[in-house]
Amino acid sequence: MKLKISSKILLAIGLMLSVSAIYGQKKPVIDGAKRLEMFQNYEDLKQDTSFASMHWQYVGPSNISGRCTDVEGISPRGNNYTIWVGSATGGVWKSINEGVTFESVFDEMPTASIGDIAIDPNNADVVWVGTGEANIFRSSNAGCGVFKTLDGGKSWMNMGLENTHTIGRVVVDYSNSDVVYVAATGHEWTPNKDRGLFKTSDGGKSWIKVLYIDEMTGISDVVMHPTNPNILFATSWERMRLKWGDPRTYENTRNCGVWKSVDGGLNWKQINVGLPEAKFRGRIGIDISKSQPDILYLLLDNYEIGKEAEAGDLDAYGRQKKAEIKGATVYKSTNSGDSWERVSGLDEATKSYMMRHSGTYGWVFGQIRIDPKDPNTIWTMGLFLNKSVDGGKTFTPLREMHMDHHGLWIDPNNPNYLLNVQDGGLSISYDKGANWRSPIEELPLAQFYNISYDFAVPFRIVGSIQDHHSYIGEVDLSRGRDKVRPVEFKPTVGAEGCSHAIDTRDNNTIYGSIFYGSLAKSKIDNFSWGNLDMLLPNPLPEDAKMRGQWVAPTLLSTHNQDIIYHCMQYVMESKDRGQTWKIISPDLTNNDSKKFGDISYQTISAFDESPLHFGLLYAGTDDGRLWRTKDEGQHWEELGGKEIPKRWVSRLVASAYEVGTVYMTQTGRRDDDFQVYIWRSKDFGTTWEDISGNIPLGPVNVIREDPVDENILYVGTDQGVYLSKDKGKTYSILGDLPFAYVHDLKVHPRDNMLIIATHGRGMWILDANSINHKNTKKRYEFPEPEGER
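Report follows, based on the coordinates. (Residues numbered from 1 in each chain as written. Predicted model: local features only at pLDDT ≥ 70, side-chain atom pairs only at ≥ 80, totals over all residues. Heavy atoms only, no water.)

## Some thoughts on the nonpolar core
Core analysis: the biggest nonpolar cluster contains 24 residues, and I678, I691, I695, I703, V715, Y722 and Y731 have the highest contact counts within it. Counting only elements with at least two residues in this core, the list comes to helix 2 (32-45), strand 49 (700-705) and strand 50 (713-717). Sorting elements by how many residues they give to this core places helix 2 first, with four residues. Beyond its immediate chain neighbours, meaning those up to four positions away, Y731 contacts L45, I678, I691, S692, G693, N694, I695, L713, V715, Y722, L723 and S724. Ranked by size, the runner-up nonpolar core spans 21 residues in total, among them M54, L754, W764 and A768. (Core = buried A, V, L, I, M, F, W, Y, C linked by side-chain atoms within 4.5 Å. Buried < 20%, exposed > 50% of the residue type's maximum accessible area, 1.4 Å probe, protein only. Helix = DSSP H or I, 4+ residues; strand = E, 2+ residues; numbered from the N terminus. Contact = heavy atoms within 4.5 Å.)

## Some words on the packing of aromatic side chains
Counted according to the given criterion, the structure contains 19 aromatic pairs. For the pair W84 and W156, a centre-to-centre distance of 6.4 Å together with 90° between the ring planes defines the contact as edge-to-face. Taken as a pair, W84 in strand 3 (residues 83-87) and W156 in the loop between strand 8 (146-149) and strand 9 (157-158) lie far apart in primary sequence, 72 residues in all. Accessibility assignment for this pair places W84 and W156 in one class, buried. (Phe/Tyr/Trp six-rings, centres within 6.5 Å; stacked < 30°, edge-to-face > 60°.)

## Some details on helix 2
Since the α-helix packs 3.6 residues into each turn, any two residues three or four apart lie on the same face. If you check helix 2, its first and last C-alpha atoms are 20 Å apart, about what 14 residues at 1.5 Å a residue would give, namely 20 Å. Listed as buried for helix 2 are G32, R35, L36, M38, F39, Q40, N41, Y42, E43, D44 and L45. Sitting at the head of helix 2, D31 places a side-chain oxygen 3.1 Å from the backbone nitrogen of A33. (Expected span 1.5 Å × (residues − 1). Polar contact = N/O pair within 3.5 Å; in protein donor to acceptor, adjacent residues only side chain to side chain.)

## Focus: the pattern of salt bridges
Taken as a whole, this structure holds 37 salt bridges when the rule is applied. Ionic pairing is found between E304 and K326, a salt bridge with its closest N-O pair at 3.4 Å. In this pair, E304 is assigned in strand 19 (residues 296-307) and K326 in strand 20 (residues 324-333), connecting sequence segments 22 residues apart. Close ionic contact of D482 with K483 constitutes a salt bridge, the shortest N to O distance being 3.3 Å. (Salt bridge = Lys/Arg side-chain N within 4 Å of Asp/Glu carboxyl O.)

## A look at the environment of T687
Residue placement: T687 occurs in the loop between strand 47 (677-681) and strand 48 (689-690). Considered as a pair, T687 and F39 are 648 residues apart in the sequence and their alpha carbons are 30 Å apart. A polar contact is formed between the side chain of T687 and the side chain of D683, at a distance of 2.7 Å.

## Remarks on the pairing of strand 11 (residues 180-184)
For strand 11, the tally of buried residues reaches five of five residues, placing the bulk of the element in the interior. Burial of strand 11 is two-sided: the residues V180, V182 and A184 facing one way and the residues Y181 and A183 facing the other way are all buried. Pairing analysis gives five bridges linking strand 10 (residues 167-172) to strand 11, with the strands arranged antiparallel. Across the sheet, the residue bridging to I167 is A184, located in strand 11. Alignment of strand 11 against strand 12 (residues 196-200), held across five bridges, turns out to be antiparallel. Of the residues in strand 12, the one forming a bridge with V180 is T200. (Pairing = 2+ DSSP bridges.)

Right, here's the structure in full:
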């Protein structure tokens, strides 16, 4: 797979790309082949062993796993105890002892986002992985095609389809292992033609698109007849995630439905008789009975109105509900798909249950399974794993596991044996769901968004975790700086997406948001959800409807920790630890009414305060705007030039060494763009220079200065961590980190440990002493800050 390119050529390419930004905007990187080439440049950069051999230590949390998308076993259990798990952003994991231990087997691949896994029914060492989570959460990442191993995961081959980005299902023909079908749902954020159902007849050497509708519609699921491999059933999904709205149906939605082929995919017909109108059909999951193949079931996300919302009806995020849709609806066919009959929600009690089945995000699920020996026993995945023994008329939720379920494998020879994955990892049942081993704690897959730290001894690190709220844990260096052990983390204030600020005067007061910027304050010690101080008045004095980003910036002033800055579409300031607030900026976003939806957008996504000058503030938005004030918000000036693209601002860092220097990173993830956007200004943001250097591949999430050496910069991307020793001219890969989406990084200034928050592999630390030589040279003395403290 590796494309050999010398380090000198890479440096030249990097400098050329940087210089090109002087004369115009950098071009987006949206082509999958180009992205693979750039990843091979990343692999070549590892040959520079200056810092690549430094050791990262996993610090936890040891008690939290993360979102998994698929699980596969090998039947019959007893002859084999192998389990394969695909995670949303943590790669592929394999256990040969039924979950006692796991090995990560996908670390060197160009993505860690997994859509589906398929084991060759004729050779268990041959495994196919379709990359790119098809559930398209707000934090999903793009895949890079289909991969295949011939040796049980020891080595992998890229088999193409790198432009698909998301894959919902992979099916291997049980009669001919060279025939494989891939259901691709396509780009998450932008239209593209590389979606649909793909087929190979030569083991992945070549592919043909056997079912294609349009550049907005992909294929999310496909099943094969258990005795005739030429008979296939597939479901199409017309969808696009907007920055301001979840994927859903609209009045002009036409292409969500069910399809059937009887000739191995050469020809297809729609089989939607009995289903809701096309404009009400969302994502559809499908399964076929192995014991009675004329029987099929669908789990359809139904957008017909089921109930009008009443005032005070709130959704999971505390927002007023709109009219409730029927949501999860099960349909059954007894004639091989010629017609469908609704079998769920036929009375008020079951109707209400199914409306709650998937919460407000039914597009996330779309998974249904049939017991291989009993067609009346079916399983649906939603907030809970749900079991029906009467053909879908009634369901019982199984509540022992973590919520939000995405995968279920049933042993075809022993349907009592179940493997289930959800947002909490893996669970195992030996008695058809009556009891569970849950969770399997061996899978370290926590999806962090951010980091903050305190100055306790030992120091503590805190972050928000997708699907788990916010947690805090200790970094104990007492055994040695190279012998830090993973620890259990404990709950603290903050939802599953937020930033945190800790008052280091007491190392106990902590601030964090409860969904979309609703700021709260609590104590770290003896934390309780019942003991929160909600800080923002609602409504604000200006009666403004506030829009806060999922990870809304919150910052305590380095000049006076009584001062809090908190960002929505406005910058807000409190000078009395959150008791009273003042809006100190106008709306800094485009405030385009056409881009308001059920997701907060047009918000401030990055913010920083100069540690050298009180009142010097920078703010960047998710719609690509950039601002500065030099007088604590009295006057704001918009920044940026023609070289700066309109991309989501992922980080702003005001220099601690030079008062006029500021750094910015931008991410193109929500534009399906993998370009590297890293900028520096030396004149308070008036002009900018590209300092992406030889970093080969984005998106970029964070940049930080070293607290000891002014020449050192750290960059976190959707592959790993980079180090520059020359202020951004050139970069080296830092440490032996597996492929990881690094969302945040900081250096603890007292203990000189570099901390990273990964989205899918938990938190890690690295000893920075050998990078900045803190203990062997005099620390740089910062100039005295200007302004009041």
